Amino acid sequence: MGQLPTVSPAEDKAMARAIELAARGLGTTSPNPVVGCVLLDSAGHVVGEGFHAYAGGPHAEIVALAQAGEKARGGTAVVTLEPCNHTGRTGPCVQALIRAGVSRVVIAVDDPNPLAAGGEQTLRDAGVEVLTGVRTAEAEEGNIAWLTSVRRGRPYVIWKTAATLDGRSAAADGTSMWITSEAARMDVHRLRGTVDAIMVGVGTVLADDPRLTTRDLRTGSLAIRQPLRVVIDSHGRTPAGARVRDGAAPTLIATTALLGGDAEGRVDLRAVLSELHHRGIRSVLLEGGPRLAGAFLAAGLVDLIVSYVAPKLLGDGPAALVGAGVTTITDAIDLEVLDVDRVGPDLRLTARPRVSADSGTL
């Protein structure tokens, strides 16, 4: 870590803006991080902005430098992630900043990737003043999927659930359509558009035959970019005619024959996540069913929960969660509620487990 930050009001405001810019890359930069950059001239005025838009494309610093031109000389680069120090698909950003004559770089998060780290020291060696640790928590939250993948060697897992107020995912007769409102369903498709993969169990495929695509519900049109569809299917029961095989998006049928099984003959969930990480998947939206969600929670592999609660009561019917390893109240999975919001007539609750088996306290 660098020295404790002493940041000017202009730089602090610029970092807030850089974090906003970084978010524009969600869903399109994997396996790379989302990054935002704001360039200030020597008087503290904004002269350039940029964000990393897609893997293989110009990095945020390069976009901002192109906007600023000569105005970058003697100025400050405010960036959400330590500028890269290596040559990958693009050249090292630290060298571009040095060539542009930037005199100061303000960084939110140090790069945990050993292949790209070292940019801070390279900048200092070139006589550039470097300040780190500005709005770190906010920047990490916006880049949490990539940071999780680097630090833990697996994708960031979001469990999305939709249920009635009494926790039912369907009625007693099995009907489950439209538990939540159209506004909530549209919000789910927005969420799908920010992740790299959508995952369900084979039971959900057999019961509901979902598309698992990202669509505009008003027109039915598919989004240009489609996440990978993943079906956890230990024994290969996914029908040949299932809609997840329709070619509208790439699909992985995760079987024990492909990935190996656990002691009970089921697909090893950690092996699935390892395979996805190897494929460049940095975030996974876990959509169903209740037993698969329970297995992920019991294994400590859920990082975030997005729960849509409909103002309905069913009394009977399938529960939204089964088999999470909780047998007594003292075993309850403790959650930290991050946000509660209205989405049409429904509530959207965002929370995260306070402790996970593979990472300790979050």
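Residues numbered from 1 in each chain as written. Predicted model: local features only at pLDDT ≥ 70, side-chain atom pairs only at ≥ 80, totals over all residues. Heavy atoms only, no water.

### Here's the deal with the side chain of Thr204
Consideration 1: On the secondary structure map, Thr204 appears in helix 8 (residues 202–208).
Consideration 2: Accessibility expressed as a relative area gives 16% for Thr204, which makes it buried.
Consideration 3: Within the local environment of Thr204, its side chain forms a polar contact with the backbone nitrogen of Gly289, the two atoms lying 3.2 Å apart.
Consideration 4: Apart from the residues within four sequence positions on either side, Thr204 is in contact with Asp209, Pro210, Gly288 and Gly289. (Helix = DSSP H or I, 4+ residues; strand = E, 2+ residues; numbered from the N terminus. Buried < 20%, exposed > 50% of the residue type's maximum accessible area, 1.4 Å probe, protein only. Polar contact = N/O pair within 3.5 Å; in protein donor to acceptor, adjacent residues only side chain to side chain. Contact = heavy atoms within 4.5 Å.)

### Let's talk about the pairing of strand 4 (residues 104–109)
The side chains of a regular strand alternate, residue by residue, between the two faces of the sheet.
Consideration 1: Counting buried positions over the six residues of strand 4 gives six, a clear majority of the element.
Consideration 2: Examined bridge by bridge, strand 3 (residues 76–81) and strand 4 share five bridges and lie parallel to one another. In the strand pairing of strand 4, Val78 is matched with Val106.
Consideration 3: For strand 4 and strand 5 (residues 129–132), the ladder comprises four bridges, and the chain directions are parallel. Bridge pairing in strand 5 places Arg104 opposite Glu129. (Pairing = 2+ DSSP bridges.)

### Some points on the pattern of salt bridges
Consideration 1: Going through the model one piece at a time under the given rule, you end up with 25 salt bridges.
Consideration 2: Notably, a salt bridge pairs Asp303 with Arg154, separated by 2.8 Å at the nearest N-O pair. Highlighted residues: Asp303 in the loop between helix 11 (290–298) and strand 11 (304–310) and Arg154 in the loop between helix 6 (144–152) and strand 6 (156–164), separated in sequence by 149 residues.
Consideration 3: We classify Asp303 as buried; its relative accessible area is 3%.
Consideration 4: Given the relative accessible area of 4%, Arg154 is considered buried.
Consideration 5: Of the charged contacts, one joins Arg266 and Asp262 as a salt bridge, the two residues approaching to 3.4 Å between their closest N and O atoms. (Salt bridge = Lys/Arg side-chain N within 4 Å of Asp/Glu carboxyl O.)

### Remarks on the UniProt feature "binding site: Zn(2+)" (unreviewed entry) in the protein chain
Consideration 1: Those residues carrying the UniProt feature "binding site: Zn(2+)" (unreviewed entry) are His59, Cys84 and Cys93 in this numbering. Judged by maximum C-alpha separation, these annotated positions cover 35 residues in sequence but sit close together in space, the widest gap being only 9.2 Å.
Consideration 2: Structurally, His59 can be placed in the loop between strand 2 (46–51) and helix 2 (60–68).
Consideration 3: What makes His59 buried here is its relative accessible area of 19%.
Consideration 4: Residue position: Cys84 is located in the loop between strand 3 and helix 3 (93–99). (UniProt positions renumbered as here; feature names shortened; annotations may be inferred.)

### Here we look at the sheet that holds strand 2
Consideration 1: Ordered in space as 2-1-3-4-5, the five strands form an open sheet in which the pairing is mixed. One side of each edge strand has no neighbouring strand; the edge strands of this open sheet are strand 2 and strand 5. Here the strands of the sheet are splayed against their neighbours by 15° on average, with no regard to which way each runs.
Consideration 2: Against the sheet, helix 2 touches strand 1 (36–40), strand 2 and strand 3, its axis set at about 150° to strand 2. (Axes fitted to C-alpha atoms, helices over the stretch in contact; angles between N-to-C directions.)

### Observations regarding the sheet that holds strand 12 (residues 335–343)
Consideration 1: The strand order across the open sheet built from eight strands is 9-8-7-10-6-11-13-12, with neighbouring strands paired in mixed fashion. Both outer strands of the open sheet, strand 9 (251–254) and strand 12, are each paired with one neighbouring strand and no more. Between one strand axis and the next, the sheet turns through 20° on average, direction left out of account.
Consideration 2: Two strands pair when backbone bridges link them, and strand 6 and strand 11 are joined in this way by seven bridges, in the parallel orientation. Looking across to strand 11, one finds that Lys160 is bridged to Val306.

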